[in-house]
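This is what each chain is made of:
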Amino acid sequence: MNVVVVESPAKAKTINKYLGPGYKVLASFGHVRDLPAKDGSVLPDQDFEMSWEVDSASAKRMKDIADAVKSSDGLFLATDPDREGEAISWHVLDLLKKKRVLGDKPVKRVVFNAITKKAVLDAMANPRDIDIPLVDAYLARRALDYLVGFNLSPVLWRKLPGARSAGRVQSVALRLVCDRESEIERFVSEEYWNISALLKTPRGDEFEAKLVSADGKRLQSRSIKTGEDANRLKALLEGATYVVDTVEAKPVKRNPGPPFTTSTLQQAASSRMGFSASRTMQVAQKLYEGIDIGGETVGLITYMRTDGVQMAPEAIDAARRAIGEQFGDRYVPEKARFYSTKAKNAQEAHEAIRPTDFNRTPDQVKRYLDADQLRLYDLIWKRGIASQMASAEIERTTVEILADKNGEKAGLRAVGSVIRFDGFIAAYTDQKEDGEQSDDGDDEGRLPPINARENLAKQKINASQHFTEPPPRYSEASLIKKMEELGIGRPSTYAATLKTLSDREYIIVDKRKLIPHSRGRLVTAFLESFFSKYVEYDFTAALEEKLDRISAGELDWKQVLRDFWKDFFAQIEDTKELRVTNVLDALNEVLAPLVFPKREDGSDPRICQVCGTGNLSLKLGKYGAFVGCSNYPECNYTRQLTSDGSEAEAAASNEPKALGADPMTGEELTLRSGRFGPYIQRGDGKEAKRSSLPKGWKPEDIDHEKALALINLPRDIGKHPETGKMISAGLGRYGPFLLHDGSYANLESIEDVFSIGLNRAVTVIAEKQSKGPGRGRSGTPAALKELGDHPDGGPITVRDGRYGAYVNWGKVNATIPKGQDPASVTLDESLVLIAERIAKTGTGGKPAKAKKPAAKKADSDAAAKPKATKAKAATKSKTAAKPKAAAKSKKAES
């Protein structure tokens, strides 16, 4: 019996059927070990020695694999056919060697690009050894991401409160989004005019021609700048006579594009179906691993992480046969098409994404697929088969027209195209972003029959005013396209990188457009000011190229790390002397359009509107950045930087907005904005009641009714039918709740607080009671929120005690600062609080019975963790800042 190791349990089951009883196929479930979340995982001063950790779940799987290998005849490592797959095979083999279960058993590496019986059997018949250069490239990439993410992130924490993390690819992708936003802010719209004439042929057919020349000069697309010029030219055309100068019809061939790569699939799925990059990869993974088709599990597409654009010769032959059968012989070109990628630093070791069987049409498999799977398979099938179809044949007609008004001449042009043979367009047409026309060969419409030298009758002259528009914000699709063009990241990193930016709240996705959060812009501005080299596009692309050269065996991976670390560590050390005032001065200049937006009255946006003498500047607080006055505390003006990167109008004036009086108390209700966001206030002075707007409530939507409902919370719902005690609903630090007899029960939404009735409230309370009390036997408050595991072991939780909310780790309790919503506390912030508490009290350390934390699934840009004790900080190596967080993800290389 031979043991075969794959990554996915779904693949294991299918491949076991293909191979039969002589094989036992086991799944590794992705990576079996990773760099642990503690000091010393990568040691630059020991020539980048790397320490690996196996979590408990992986340890169990490795035991199963080791037990099976002991009694086997040989081992086949059949993980995915990419750098990460090669690395997983290397990890598995290394662990088995350490367990000493291999002996002299043969070990082979096999790769297959599709989960079909033929592909698997062919791969098993042609094994190879592990590709060590490919593993070296993985090790270099993993070490780089670790060193950047876990050394740069603490700098951000110290110098830029509110920042979450930085990373080698993540930060460069964020810069692209922020740079585009800066372009939009700097953009100055310009006026221009288009002039066209509606003309009629002698046969009575109408068509439109555009003005292209006047006064003996060729007009560009935006040459006509003013209404005065437009009216002059319009008057010329109004009084002119028209004659056709030339008619030229030229045949044009349009060729199909190549089959999908990872990035082009993500772009097309976004444009056509609104899929995020992550969703596209989830669906594609299922199509690759296999679908039950009539009792047999079959992979419907080839491996979906690739930047290759060429199909295998046998796939090309199959596509050409399918084209002849399904479209006709005319649609089969004389010769097969071959493609090469234009993407920077592309690796073409793998096939493009294609159907495993072109005869398996979308119509034939639709009953076996869910809606999203069918849509994506349909897209891949059509693009794949179109790539081998004949060119579309288009006739493009250009008509040049002369206009003459008593010797004043102008030129007009009409262009039309007609598809004479649709070719590949019969299967697939591109659909582009941002309102661009579809590449269907008929963008310009058709023209009626027009003959040279014949006269035309003027019907109408149109002069339309336009204004130039700023460049559009990136969508996920267009950002991926740009990253690929620049050579930043790799196919397997794009989805993970975008998810990281969203999870860190560095960007906001609004109607598929990526808008940088103010937090993201601050981070980018900081890195551009003090770590500019490491967010440069060319530098990042050059580093990717070096990683590719490592995988080709052309560079030594440790030498690449040495070269990188020397300069990077020096840059990190330089920031120790960096003062916060230096940071603020730099950010004020770089982010001037965001921090100091122009005012309608034309006054200096850097002068405080309240006191009239103070200078406005960015200020850094525990909860991030805000704008404040230099005359503080005499002037307490502050302005919040809002989530979408703009400033709130109500906040800009810092003036309360009157909403009406509370009929019960007679006190005025006002909408105000403070450092922590908008809130409702009833009355004035220190005793005034205040209530922050719930998440999702916009200041502009607040009226008297909503303000009154909010300020009067908690709301009495009615007496419990069994206890006779009042049930009330309110909003707390952990969200909407019900309160009855001293016990709380969570509500699903904020709206429930204002609308829930007595019957439903009694049911919710009963459901909560059925789950048992909220405290353990010891009387310790139950965890309100689990944040994750501490780098030194043991869970970190948020709890609510007699004196307020706090973060708990073992025996360490760290109070959450007053004013911060405990529900918003992140793992990174909790680690800071714990470290500060330990430093203050001199106690702490790893809990005596803390469980060893499982390696987390996270991106390689995860934030570095703070020190647990002063002793550890004192013994820290002077040659390398030590990372503090795990970054385990099978595909995340960013």
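Here we summarise the structure given alongside this text. (Residues numbered from 1 in each chain as written. Predicted model: local features only at pLDDT ≥ 70, side-chain atom pairs only at ≥ 80, totals over all residues. Heavy atoms only, no water.)

1. Some thoughts on the sheet that holds strand β29 (residues 785-789)
Then step 1. Across the sheet, which stays open at both edges, the 4 strands sit in the order β29-β30-β31-β32 with antiparallel pairing between neighbours. Every interior strand has two partners, whereas the edge strands, β29 and β32 (812-815), have only one. The mean inter-strand angle of the sheet, taken between neighbouring strand axes irrespective of direction, is 30 degrees.
Then step 2. The pairing of β29 with strand β30 (residues 795-801) spans 4 bridges and is classified as antiparallel. Residue lysine 785 lies in a different strand from β30, and its bridge partner there is valine 798.
Then step 3. Running over the sheet, helix α24 (residues 827-841) touches β29, β30, β31 (804-809) and β32 and is turned about 110 degrees from β32. (Pairing = 2+ DSSP bridges. Helix = DSSP H or I, 4+ residues; strand = E, 2+ residues; numbered from the N terminus. Axes fitted to C-alpha atoms, helices over the stretch in contact; angles between N-to-C directions. Contact = heavy atoms within 4.5 Å.)

2. Some words on the pattern of salt bridges
Then step 1. Overall, the coordinates contain 46 salt bridges when judged by the stated rule.
Then step 2. Salt-bridge contacts for arginine 420 lead to glutamate 395; the nearest nitrogen and oxygen are separated by 2.7 Å. On the criterion of sequence distance, the pair formed by arginine 420 in strand β14 (residues 408-421) and glutamate 395 in strand β13 (residues 392-405) is long-range, its members being 25 residues apart.
Then step 3. We classify glutamate 395 as partly exposed; its relative accessible area is 27%.
Then step 4. The closest approach of N and O atoms between lysine 499 and aspartate 503, which form a salt bridge, is 2.8 Å. On the criterion of helical spacing, the pair formed by lysine 499 and aspartate 503 is a turn pair, its members being 4 residues apart in helix α14 (residues 494-503).
Then step 5. Looking at lysine 499, the relative accessible area reads 46%, which means it is partly exposed.
Then step 6. A relative accessible area of 44% places aspartate 503 in the partly exposed class.
Then step 7. Among the ionic contacts, a cluster of salt bridges with common partners joins Asp47, Asp556, Lys558 and Arg562. (Salt bridge = Lys/Arg side-chain N within 4 Å of Asp/Glu carboxyl O. Buried < 20%, exposed > 50% of the residue type's maximum accessible area, 1.4 Å probe, protein only.)

3. Focus: the environment of proline 694
Then step 1. Checked against the element boundaries, proline 694 lands in the loop between β24 (689-692) and α21 (704-711).
Then step 2. The class for proline 694 is buried, based on a relative accessible area of 9%.
Then step 3. Sequence separation between proline 694 and proline 678 is 16 residues, and the spatial gap between their C-alpha atoms is 9.4 Å.
Then step 4. Among all residues touching proline 694, those that are not within four sequence positions of it are Leu710, Leu731 and Ile750.

4. Overview of the pairing of strand β26 (residues 726-732)
Then step 1. Where strand β25 (residues 715-719) meets β26, 4 bridges bridge the pair, whose relative direction is antiparallel. Pairing of arginine 715 across the sheet is with alanine 729, part of β26.
Then step 2. Connecting the antiparallel pair β25 and β26 is a turn made up of 6 residues, with glycine 724 showing a positive phi of about 75 degrees.
Then step 3. Relative to strand β27 (residues 735-740), β26 runs antiparallel, the two sharing 6 bridges. Bridge pairing in β27 places isoleucine 727 opposite histidine 740.

5. As for the pairing of strand β17 (residues 513-516)
Then step 1. As paired strands, strand β16 (residues 507-510) and β17 are joined by 4 bridges and run antiparallel to one another. What sits directly across from isoleucine 507, in β17, is proline 516.
Then step 2. If you look at the hairpin formed by β16 and β17, you'll find 2 residues sitting between the two strands, and lysine 511 has a positive phi there, around 55 degrees.

6. Observations regarding the side chain of serine 28
Then step 1. With respect to the secondary-structure elements, serine 28 resides in the loop between β2 (23-27) and β3 (42-43).
Then step 2. Overall, the relative accessible area of 0% leaves serine 28 in the buried class.
Then step 3. Ignoring any residue separated from it by four or fewer positions in sequence, one finds serine 28 in contact with Val5, Val6, Glu7, Arg61 and Ile88.

7. As for the packing of aromatic side chains
Then step 1. Using the criterion set out here, one finds 19 aromatic pairs in the structure.
Then step 2. Where tyrosine 331 meets phenylalanine 421, the ring centres are 4.8 Å apart and the plane angle is 50 degrees; that geometry is what we call tilted. Here phenylalanine 421 lies in strand β14 and tyrosine 331 lies in the loop between α10 (313-326) and α11 (362-365), a separation of 90 residues in the sequence.
Then step 3. For the ring pair tyrosine 534 and phenylalanine 564, a centre distance of 5.8 Å and an interplane angle of 80 degrees mean the geometry is edge-to-face. One end of the pair, tyrosine 534, is in the loop between α15 (518-530) and α16 (537-551); the other, phenylalanine 564, is in helix α17 (residues 557-574), with 30 residues separating them in the sequence.
Then step 4. On the accessibility criterion, tyrosine 534 (9% relative accessible area) is buried.
Then step 5. Taken together, the ring pairs in this structure connect Tyr534, Phe539, Phe564, Trp565, Phe568 and Phe569 into an aromatic cluster.
Then step 6. Taking the ring centre of phenylalanine 421 as reference, the NZ or CZ of arginine 330 above it sits at 3.8 Å. (Phe/Tyr/Trp six-rings, centres within 6.5 Å; stacked < 30°, edge-to-face > 60°. Lys NZ or Arg CZ within 6 Å of the ring centre and 35° of its normal.)

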